Each structure stands twice: as C-alpha cells, then as structure tokens.
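Structural description and commentary
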Amino acid sequence: AQSVSQHNHHVILSEAASLELGCNYSYGGTVNLFWYVQYPGQHLQLLLKYFSGDPLVKGIKGFEAEFIKSKFSFNLRKPSVQWSDTAEYFCAVIATGGFKTIFGAGTRLFVKA
Amino acid sequence: DAGVTQSPTHLIKTRGQQVTLRCSPKSGHDTVSWYQQALGQGPQFIFQYYEEEERQRGNFPDRFSGHQFPNYSSELNVNALLLGDSALYLCASSLGSGGYEQYFGPGTRLTVT
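In terms of helices and strands, chain B carries zero helices and eleven strands. Secondary structure of chain B in N-to-C order comes out as β-β-β-β-β-β-β-β-β-β-β. Along the longest, intermediate and shortest principal axes, the C-alpha atoms of chain B span 35 × 25 × 25 Å. Put simply, chain B has 113 residues, and 49% of those count as buried. Once local pairs closer than 6 in sequence are excluded, the contacts in chain B between residues at least 24 apart make up 53%.

On to the interface of chain B and chain A. Across the contact, 20 residues belong to chain B and 20 residues belong to chain A. For the chain B face of the interface with chain A, the top three residues by lost area are B:Tyr100, B:Glu101 and B:Phe104, together amounting to 38%. Applying the counting rule to chain B against chain A returns one salt bridge. With a shortest N-O distance of 2.4 Å, B:Glu101 and A:Lys49 are connected by a salt bridge. Linking chain B with chain A are six residue pairs in polar contact (both at pLDDT 80 or more). When contributions to the side of chain B that touches chain A are tallied by element, the ones reaching two or more residues are strand E4 (31-37), strand E5 (44-50) and strand E6 (53-57) of chain B. Residue classes in the side of chain B that touches chain A are distributed as eight nonpolar, ten polar and two charged.

On to the pattern of salt bridges, then. With the rule as written, the count across this model stands at nine salt bridges over all chains. Put simply, A:Arg77 and A:Glu66 hold a salt bridge, and the shortest N to O gap is 3.2 Å. Of the two residues, A:Arg77 is situated in strand E9 (residues 73-78) and A:Glu66 in strand E8 (residues 64-68); the sequence distance between them amounts to eleven residues. A:Arg77 sits in the partly exposed class, given a relative accessible area of 23%. You can call A:Glu66 partly exposed: its relative accessible area is 27%. The closest approach of N and O atoms between B:Arg22 and B:Glu75, which form a salt bridge, is 3.4 Å.

So, about the state of the cysteines. On inspection of all chains with the given rule, the structure shows two disulfides over all chains. Each sulfur of the disulfide joining A:Cys23 and A:Cys91 lies 1.9 Å from the other. Taking the sign of the S-S torsion, -65 degrees for the link of A:Cys23 and A:Cys91, the bridge is left-handed. Highlighted residues: A:Cys23 in strand E4 (residues 23-26) and A:Cys91 in strand E10 (residues 87-95), separated in sequence by 68 residues. A:Cys23 sits in the buried class, given a relative accessible area of 0%. Disulfide pairing places B:Cys23 opposite B:Cys91 at an S-S distance of 1.8 Å. Given an S-S torsion of about -60 degrees, the disulfide between B:Cys23 and B:Cys91 has left-handed geometry. Of the two residues, B:Cys23 is situated in strand E3 (residues 19-24) and B:Cys91 in strand E9 (residues 87-94); the sequence distance between them amounts to 68 residues.

Procedures and definitions
- Residues numbered from 1 in each chain as written.
- Chains lettered and ligands numbered in written order.
- Predicted model: local features only at pLDDT ≥ 70, side-chain atom pairs only at ≥ 80, totals over all residues.
- Heavy atoms only, no water.
- Helix = DSSP H or I, 4+ residues; strand = E, 2+ residues; numbered from the N terminus.
- Buried < 20%, exposed > 50% of the residue type's maximum accessible area, 1.4 Å probe, protein only.
- Contact = heavy atoms within 4.5 Å.
- Buried area = accessible area lost by both parts, 1.4 Å probe.
- Salt bridge = Lys/Arg side-chain N within 4 Å of Asp/Glu carboxyl O.
- Polar contact = N/O pair within 3.5 Å; in protein donor to acceptor, adjacent residues only side chain to side chain.
- Nonpolar A, V, L, I, M, F, W, Y, C, P; charged D, E, K, R; others polar.
- Disulfide = S-S within 2.5 Å.

This is the structure in structure tokens:
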C-alpha cells in the first residue's frame, strides 16, 4: 500500500533561515508528487507538483522541491523563509493513472519574525 | 471565478444519526474527491466521483456513501455516526480523468457527540 512519511511534525525557524522539509513515499510504481500548503484560516492550496521531466520543480512563493527517485523522496526547500510562510505543509502522492491521493501527516512551520 | 464551496461550515450530530455534506466544484471541474481530516492528521481519501460514478474508494466503511449530480456537485453521506467520525471533511475538485491537480474547499467541521 502507498504511504507518505513527513519527517518533522513541527519546525520553528527564524526569518531568513533556510528550510528543508522531508517527504518520503512508499510505492513501487510511477508516481506524481505534490506539496500542498495551508495558511492559517485558509484552504489547502497547491504549492508545487511533479509529474515528469526535470526532478527539480519550482512552485509559488520561492519554494522548490527535488524528486529523488532512488530515495523515494520529494523534499521541499526554500532558501530564505519569511514570517508569512508560517503554515502547515503536506506532501502527497498519487500513482500515475490512479485516482487516490495519499497525504502525509503534515509539518507545521512557524517562522519567528 | 468561484472556487470549491462546501456546506454547511459546521455541524453537530449525535451518535447514530446520519449526515449529508455538500460540495460544489470549481467552475469547469468535473471530478470531486472527498477527504476526512482528523485533528493533527493529513487528509485521508474517502472516494472520488467522476461522471456521476464512484471511481475509487479509500479504506472507509460502507457507512460512507456519496453521490455526484449532473452539474458535478456532490454529496457525502455518513450513516450511523460514531464519535470517531468527528473530523474536518474536505472536498476537492479537479478536471478530467487525469485530473491530479486538486482544488480544495474550506471543509465542513463535523462534531459527533
């Protein structure tokens, strides 16, 4: 069965610090990968996605993620976080051709001003 | 452009009762997925509807059922409510049979007492 593991449940950073959130998935076939973000009081929204091609994908607000197939990982990065990045971040995976998206448990990021 | 809407926002029910939650997809979208998000967890896939048919189902009992109407809106029904059904129920819409990019609604907070 597919599963998604997010390494950190809570992360606290100061503004301008670099961010890396870990995500590993369990599935033997081809997958599509996502990071979603939920800002306080807002809906879940797509941050970035990987379907195929360049394993380094760029999303909104300066976020990027790298797909490493050999490690079954899709880590999220941002070189310099801002207070407005305070949110909960979810990694998600869906088998290519499938319909069921599996989410990780989420990582709550708090950025100190 | 209207996004995904859900109703009601909040709901309180008693054990054993039945509940119906509603979702209108983003304009132009034809696929609706339902998720259950318990406190501190990521969204768990319940099922997906496309062309008025349930396309795939997650690991949820038959007490959870759904429907999609010709205008693509959808309902989630839960019978014989249990305390453990208390959660945020999210609706997500997407486009087409390969619609992996999902747009989420604000959710319905269900409390079972």
